[in-house]
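Single-letter residue listing:
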Amino acid sequence: MSGPAAGGGDRSRGGRLRAYPALPVWVVEDHQDVLPFIYRAIGSKHLPASNVSFVHLDSHPDLLIPVNMPADTVFDKEALFSELSIENWIMPAVYAGHISQVVWLHPPWAQQISEGKHHFLIGKDLSTTTIRVTGTDHYFLSDGLYVPADQLENQKPLNLHVILINPTEASNSQEENGEVASAKRLKLNTDDTASTASPSSSVVPGDLDHSTPSLKKKEVQNASAPNKAETLSKCSAATSLRNSECPIREVVKDVCQVLQKGDAYVLDIDLDFFSVKNPFKEMYTQTEYKLLQELYNFKKPHRNATEESLLDCVENRVHQLEDLEAAFADLCDNDDEDTLQKWASYPGMKSLVQLVHSLKTRMESPDYEMIKFG
C-alpha cells in the first residue's frame, strides 16, 4: 500500500491525504483486530503508508513478534491478519514500513519494558527469514527476538518511547486545577496520558494536517486533527502552564515532540490501561504459580553484555521455551509418571514434577494447553 504523507510528505503523485468528515472511532474485542482498520485507512489514503506515529495506552506493550512467521507475510495482509494475536500485532506493521514511532503510555503496574527512549532496527533475519530486532531490552531478549544488525536485511528503524502514567494522580491533579476538559483533550493527544478519558476526545499529531484513528479492544482510537499549527499551539499552551503538581504536562510535551516527527498518528487505547488482572493467579494456587515462575524464569544477561553474550542468552532462552512447549504438548497426550520424569530430567525442569502433581490433585484433567500457550 502507498500514499502521500500529510503535513509535509511527498505530494508529487497527487496531493494530500483525505480527511474523515467526523473523527472515526473503532472498538474491537481482540486487540489485534484493530490492525485491519489501520490498513484500511492507509489504503483509502486517510493515513500515509509510512512514518505513522502510534500512541499506545495499554498495560501491555503488544510489541512481540510472531516467532515463526516468515517476514514476507507482512506483504499479504490477509495472511498477516491470520497470524497475529493480542501481544504481537504492532511490530509487523513497523517492519512493513507503516509505523516509525511508537509511544507506549503505561500504568505503574506495567513494567515489561524499561522507561525512556529506545532506538533500534527491525528487519528480516537472514538465517531464519523471520522478523527480528536489534533491541536489547529484556522484553525482546526473553522472547528470543534479538539478532545483531548485520544479520538483518530490509531494516527499518523504530523509535520507541516508554512513558509511565499514573491515571489517579493525573486525574486528581487536573480536578484540583479545574482543568479537566482541556487536560483530557491533551491526554489523548499525548503518549502517556494516564487519565485518558473520553472516546470522543481527539488526538492531534505533531506534523499533520489530518489524522486518522483506529481502535481496538474495548478501546477507543482516534486519529484526526485540525492542522499542525493549531496542534502545536495547543500543546505548547498546555506545557507552558506552571505545574509542579502536575507532571502529566511534561508527558504532554514529550508526546507532542514525538508526534512532530511523524506525518500522521493513531491513538490506541486498551481499557486494561485502567484496570487489569493476571488470570494465572486465579487459575493456579500460589504454590503452582511460583513453580510456573521457576520453570519460565529468564536468566538476564549482564548490564554491559557483549554481542556474543546476548546471542548466547537468546539461544539458551529459545531452547528453554522450546523444551517447555514440547513438555506440555507431551503431557497433553500422556501425563503419566514416566513422561513426567523424562521431562523433569531436562535442565531447569525439576519443578515440573511438583507442578503436575499439584494440578492433578485439584483437577481430573489439567489444561496443559493453557500453560503451553499462556
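Everything below is about the structure shown above.
Residue numbers here run from 1 along each chain, matching the order of that chain's written sequence. Predicted model: local features are reported for residues with pLDDT of at least 70 only, side-chain atom pairs are reported and counted for 80 or more only, and whole-chain, interface and lining totals are derived from all residues. The side-chain quantities take in all heavy atoms of the structure and omit both hydrogens and water.

S.K.: Account for the overall build of the protein chain, naming residues and giving values.
M.R.: Secondary structure follows DSSP: runs of H or I at least 4 residues long count as helices, runs of E at least 2 residues long count as strands, and numbering of each begins at the N terminus. Counting its secondary structure elements, the protein chain contains 14 helices and six strands. To sort residues, take the accessible area from a 1.4 Å probe on protein chains only and compare it with the maximum for the residue type: under 20% means buried, over 50% means exposed, and anything in between is partly exposed. Per-residue burial for the protein chain yields a buried fraction of 51% across its 374 residues. Only heavy atoms enter the contact rule, under which two residues are in contact if any of them lie within 4.5 Å. The contacts in the protein chain between residues at least 6 apart in sequence include a share of 75% that link residues at least 24 apart. To be clear on the numbers: accessible area is Shrake-Rupley with a 1.4 Å probe, and residue cover counts the displayed protein chains and nothing else. Summed over its atoms, the accessible surface of the protein chain is roughly 17400 Å², and 49% of this surface lies on carbon and sulfur atoms.

S.K.: How would you explain helix α10 (residues 286–295) if you had to name every residue and give the values?
M.R.: Spacing of three or four residues puts side chains on the same side of an α-helix, whose turn is 3.6 residues. For α10, the complete set of buried residues consists of Glu288, Tyr289, Leu291, Leu292 and Leu295. Down the axis of α10, the sector holding all buried residues measures 160 degrees, keeping them to one side. The exposed set on the far side of α10, more than 90 degrees from its buried face, consists of Gln286 and Lys290. Arc definition: directions from the helix axis to the C-beta atoms.

S.K.: Let's hear about the side chain of asparagine 51: which residues, and what values?
M.R.: Relative to the elements of secondary structure, asparagine 51 occurs in the loop between α1 (35–43) and β1 (52–57). Polar contact is defined as a pair of N or O atoms within 3.5 Å, subject to the rule that within protein one atom must be able to donate a hydrogen and the other to accept it, and that residues adjacent in sequence are counted only when both atoms are side-chain atoms. A distance of 3.1 Å separates a polar side-chain atom of asparagine 51 from the backbone oxygen of lysine 261. Every residue in contact with asparagine 51, bar those within four places of it in the chain, is listed here: Gly97, His98, Ser100, Gln101, Lys261, Gly262, Asp263 and Ala264.

S.K.: Any chance you could break down the pairing of strand β5 (residues 152–164) for me, citing the residues and the numbers?
M.R.: Relative to β5, strand β2 (residues 99–106) runs parallel, the two sharing six bridges. Each bridged residue has a counterpart across the sheet, and for leucine 105 the counterpart in β5 is isoleucine 163. In this description, strands pair whenever DSSP reports at least two bridges between them. With nine bridges connecting them, strand β3 (residues 116–125) and β5 associate as antiparallel partners. Opposite glycine 116, over in β5, you have valine 162 as the bridge partner.

S.K.: Residue-level account of the packing of helix α11 (residues 307–333) against helix α13 (residues 351–362), with values.
M.R.: At a minimum axis separation of 13 Å, α11 and α13 run at an interaxial angle of 35 degrees. Regarding α11 and α13, the two cross each other, and that crossing is right-handed. Here Ala327, Phe328 and Leu331 of α11 come into contact with α13, specifically with Leu352, Leu355 and Val356. Note that Gly is not counted as nonpolar here; it falls among the polar residues with everything else outside the nonpolar set of Ala, Val, Leu, Ile, Met, Phe, Trp, Tyr, Cys and Pro and the charged set of Asp, Glu, Lys and Arg. Across the contact of α11 with α13, the residue classes tally to six nonpolar, no polar and no charged. Axis definition: a line fit to C-alpha positions, over the contact stretch in the case of helices; interaxial angles, taken between N-to-C directions, run 0 to 180 degrees. In this scheme, a crossing is called left-handed if the near helix is turned counterclockwise away from the far one by less than a right angle; it is called right-handed if the turn is clockwise.

S.K.: Can you lay out the pattern of salt bridges for me, pointing to particular residues and giving the numbers?
M.R.: Side chains that carry opposite charge are capable of pairing whenever their charged atoms lie near each other. A carboxyl oxygen of Asp or Glu within 4 Å of a side-chain nitrogen of Lys or Arg is what we treat as a salt bridge. In total, this model carries six salt bridges according to the counting rule given. One salt bridge in this structure joins lysine 277 and glutamate 282, with 3.4 Å as the shortest N-O distance. Comparing lysine 277 with glutamate 282 shows no difference in burial state: the two are exposed. The partner of lysine 342 in a salt bridge is aspartate 330, with the nearest N and O atoms 2.8 Å apart. Separated by 12 residues along the polypeptide, lysine 342 in helix α12 (residues 337–344) and aspartate 330 in helix α11 bring together distant segments of the chain. Assessed through its relative accessible area of 40%, lysine 342 is described here as partly exposed. What you see here is one network of salt bridges that share partners, running through Asp72, Lys124 and Glu153.

S.K.: Which residues make up unusual backbone geometry, and what are the values?
M.R.: In this structure, lysine 45 is a non-glycine residue whose phi angle is positive, near 65 degrees. If you trace the backbone, lysine 45 turns up in the loop between α1 and β1. Despite not being glycine, threonine 129 shows a phi value in the positive range, around 65 degrees. When you line up the elements, threonine 129 lands in the loop between β3 and β4 (131–133). According to the relative accessible area criterion, threonine 129 is partly exposed, its value standing at 39%.

S.K.: Got a sec to walk through α1? Specific residues and values, please.
M.R.: Among all positions in α1, only Leu35, Phe37, Ile38, Tyr39, Ala41 and Ile42 are buried. Of the residues trailing α1, lysine 45 is marked for its positive phi of about 65 degrees.

S.K.: If you had to explain the packing of aromatic side chains to someone new, which residues and values would you point to?
M.R.: Stacked, tilted and edge-to-face are the three classes applied to pairs of Phe, Tyr and Trp rings, where Trp contributes its six-membered ring and a pair requires centres within 6.5 Å; stacked means planes under 30 degrees apart, edge-to-face means over 60, and tilted covers the rest. Across all of its chains, the model carries 11 aromatic pairs by this definition. Ring geometry for tyrosine 39 versus phenylalanine 81: centroids 5.6 Å apart, planes at 75 degrees, classification edge-to-face. With tyrosine 39 in helix α1 and phenylalanine 81 in helix α2 (residues 77–83), the pair connects residues that are 42 residues apart, well separated along the chain. Measuring from centroid to centroid gives 5.2 Å for tyrosine 139 and phenylalanine 140, while their planes differ by 80 degrees, and the two rings are edge-to-face. For tyrosine 139, a relative accessible area of 11% gives the class buried. Three or more aromatic residues link up through ring pairs in this structure, and these residues are Tyr20, Trp26 and Phe37. Definition used: whenever NZ (Lys) or CZ (Arg) falls within 6 Å of the ring centre and also within 35 degrees of the ring normal, the charge is taken to sit over that ring. Over the ring of tyrosine 95 we find lysine 156, and its NZ or CZ is 5.4 Å from the ring centre.

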